[in-house]
Amino acid sequence: MAEKTTKSFILRVDADTMNAIEAWAADEFRSTNGQLQWIITEALRKAKRLPKKKKVSGSEETGIKV
């Protein structure tokens, strides 16, 4: 299985925006961090800026060596 790497960074957001994000996250049963990740991913997807996913062959998917 491929390892998924994440990068941490500091984000400065004004209080009103942060309150809105926190309320939205609570409405959707997500953490604030999860909501921010979802918002960013959706924006990238809509802008067609996400990298294309590589197709995994059947043997790699199951871990069976051929």
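Our subject is the structure that appears above.
Predicted model, so just to flag it, every value in this text is computed and none were measured.

### Considering the pattern of salt bridges
(1) Moving on: Tallying each qualifying case throughout the model produces 2 salt bridges.
(2) Moving on: For Glu28, the salt bridge identified is with Arg30, shortest N-O distance 2.5 Å.
(3) Moving on: Residue Glu28 is classed as partly exposed on the basis of its relative accessible area, which comes to 34%.
(4) Moving on: A salt bridge links Glu42 to Arg45; its shortest N-O distance comes to 2.8 Å. In this pair, Glu42 and Arg45 are both assigned in helix α2 (residues 32-46), 3 residues apart and thus about one turn of the helix distant.
(5) Moving on: For Arg45, a relative accessible area of 45% corresponds to the partly exposed category.

### Here we look at helix α1 (residues 15-27)
Residues separated by three or four positions in an α-helix point in the same direction, a consequence of the helix having 3.6 residues per turn.
(1) Moving on: Taking 1.5 Å per residue as the helical rise, α1 with its 13 residues ought to reach 18 Å, and the 18 Å between its terminal C-alpha atoms agrees with that figure.
(2) Moving on: Where α1 starts, the residue carrying a side-chain oxygen 3.2 Å from the main-chain nitrogen of Asp16 turns out to be Asp14.
(3) Moving on: At the exit of α1 stands Phe29, carrying a positive phi of roughly 55 degrees.

### Some points on the packing of aromatic side chains
(1) Moving on: Taken as a whole and judged by the stated rule, the model has 1 aromatic pair.
(2) Moving on: Residues Trp24 and Trp38 carry aromatic rings whose centres are separated by 5.6 Å and whose planes lie at 85 degrees to one another, so their mutual orientation is edge-to-face. Of this pair, Trp24 sits in helix α1 while Trp38 sits in helix α2, placing them 14 residues apart in sequence.

### Re the environment of Ala25
(1) Moving on: Relative to the elements of secondary structure, Ala25 occurs in helix α1.
(2) Moving on: In sequence terms Ala25 and Gln35 are 10 residues apart; their C-alpha atoms lie 5.4 Å from each other.

Rules used throughout
- Residues numbered from 1 in each chain as written.
- Predicted model: local features only at pLDDT ≥ 70, side-chain atom pairs only at ≥ 80, totals over all residues.
- Heavy atoms only, no water.
- Salt bridge = Lys/Arg side-chain N within 4 Å of Asp/Glu carboxyl O.
- Buried < 20%, exposed > 50% of the residue type's maximum accessible area, 1.4 Å probe, protein only.
- Helix = DSSP H or I, 4+ residues; strand = E, 2+ residues; numbered from the N terminus.
- Expected span 1.5 Å × (residues − 1).
- Polar contact = N/O pair within 3.5 Å; in protein donor to acceptor, adjacent residues only side chain to side chain.
- Phe/Tyr/Trp six-rings, centres within 6.5 Å; stacked < 30°, edge-to-face > 60°.

By themselves, these are just geometric observations and shouldn't be taken as functional.
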